[in-house]
Amino acid sequence: AILFGPPGTGKTTYARALSTKKGWDYLEMTPGDFFSGGEEAILKRINNIFQNLLHLKDTVVFIDEIDDLVRNRKQAGSMGFDPRNLYVTTLLPRFQELHDKGNIILIMATNHYDGVDEAIARLGRIDLIIPVGAVSIHGRLKMFFSYKKTALRFDSLPKSILIKYLEKTVDM
């Protein structure tokens, strides 16, 4: 699945919640995990990462900021050779392999779906594209108080201060 929407809408939280609900392991990655080691090592790193992922089972794999890995090749235009196109063509069959394995759920997130290469959404690679909208003030309060019950105690915090804080974090 690809989750897309503005920052702070809970895309990562959805992936974590799915792994918790299924009782599966959770692995979170960013483009930095692929880009470490320098530009000349990226393709090798992509292949190594996905070879290791194929050994996992019962795991939700979450890749954040996927648009940095699989940029839309059409938007690159005619600027000549762009090595990022190689990343896309290397990653596409890897996504297919994970999909076909069956006991790994791959979830990717982006704030800019229009920046993601359209070939990624082909059936068999990614089966769901889910827009994630901003959370309302009521939704934030519900999440906060749900979290409050299982984590920290904020009983001494006046609700008026909490509401002012939450209103600042939500587009109203």
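Just so you know, the residues in each chain are numbered from 1, in the order the chain's sequence is written. pLDDT decides what is reported in this predicted model: residues at 70 or higher carry local features, side-chain atom pairs at 80 or more are listed and counted, and totals for whole chains, interfaces and linings draw on all residues regardless. Note that the side-chain values use all heavy atoms of the structure and ignore hydrogens as well as water.

A. Representation of the sheet that holds strand S1 (residues 2–4). If DSSP finds at least two bridges between two strands, the strands pair. Every helix listed is a DSSP run of H or I at least four residues long, and every strand listed is a run of E at least two residues long, numbered separately from the N terminus. Here five strands make up an open sheet; going across it, the order is S2-S3-S4-S1-S5 and the pairing parallel. If you trace the sheet from one side to the other, it starts and ends with strand S2 (25–29) and strand S5 (129–131), each paired once. Geometrically, the sheet is characterised by an average inter-axis angle of 20 degrees between neighbouring strands, direction not taken into account. Pairing geometry for strand S3 (residues 59–63) and strand S4 (residues 104–110), over five bridges, is parallel. Within S4, the residue paired with Val 60 across the bridge is Ile 105. The criterion used for residue contact is that any of the two residues' heavy atoms lie within 4.5 Å. Angles here are taken between N-to-C directions and fall from 0 to 180 degrees, while the axes themselves are lines fitted to C-alpha atoms, restricted in helices to the stretch in contact. On the sheet, helix H4 (residues 83–101) packs against S3 and S4 and is oriented at approximately 140 degrees with respect to S4.

B. Quick peek at the packing of helix H3 (residues 42–53) against H4. H4 packs onto H3 with a crossing angle of 5 degrees between their chain directions and a minimal axis gap of 10 Å. Classified by the interaxial angle, the pair formed by H3 and H4 is roughly parallel. Between H3 and H4, the contacting residues are Ile 42, Leu 43, Ile 46, Asn 47, Phe 50 and Leu 53 on the first element and Leu 86, Tyr 87, Thr 90, Leu 91, Arg 94, Phe 95 and Leu 98 on the second. A breakdown of the residues in the contact of H3 with H4 according to their chemical character gives 10 nonpolar, two polar and one charged. By the definition adopted for this analysis, an angle is roughly parallel if under 35 degrees, roughly antiparallel if over 145, roughly perpendicular if from 65 to 115, and oblique otherwise. Nonpolar residues are Ala, Val, Leu, Ile, Met, Phe, Trp, Tyr, Cys and Pro. Charged residues are Asp, Glu, Lys and Arg, and all others, Gly as well, are polar.

C. Expanded view of the pairing of S3. Exposure categories follow from relative accessible area, calculated using a 1.4 Å probe and restricted to protein chains: below 20% of the type maximum is buried, above 50% is exposed, and the middle band is partly exposed. Judged by how many residues are buried, S3 sits mostly within the fold: five of five residues are covered. Residues Thr 59, Val 61 and Ile 63 line one face of S3 and the alternating positions Val 60 and Phe 62 line the opposite face, and both faces are buried. Both S2 and S3 contribute to a ladder of five bridges, which runs parallel. Bridge pairing links Met 29 to Ile 63 in S3.

D. View of the confidence of the model for the protein. A score between 0 and 100, pLDDT records how confident the predictor is in each residue. In the predicted model, the protein carries a mean pLDDT of 80, and 78% of its residues have values of at least 70. Element-level pLDDT for the protein is lowest in helix H6 (residues 159–169), with a mean of 59, against a maximum mean of 95 in S3.

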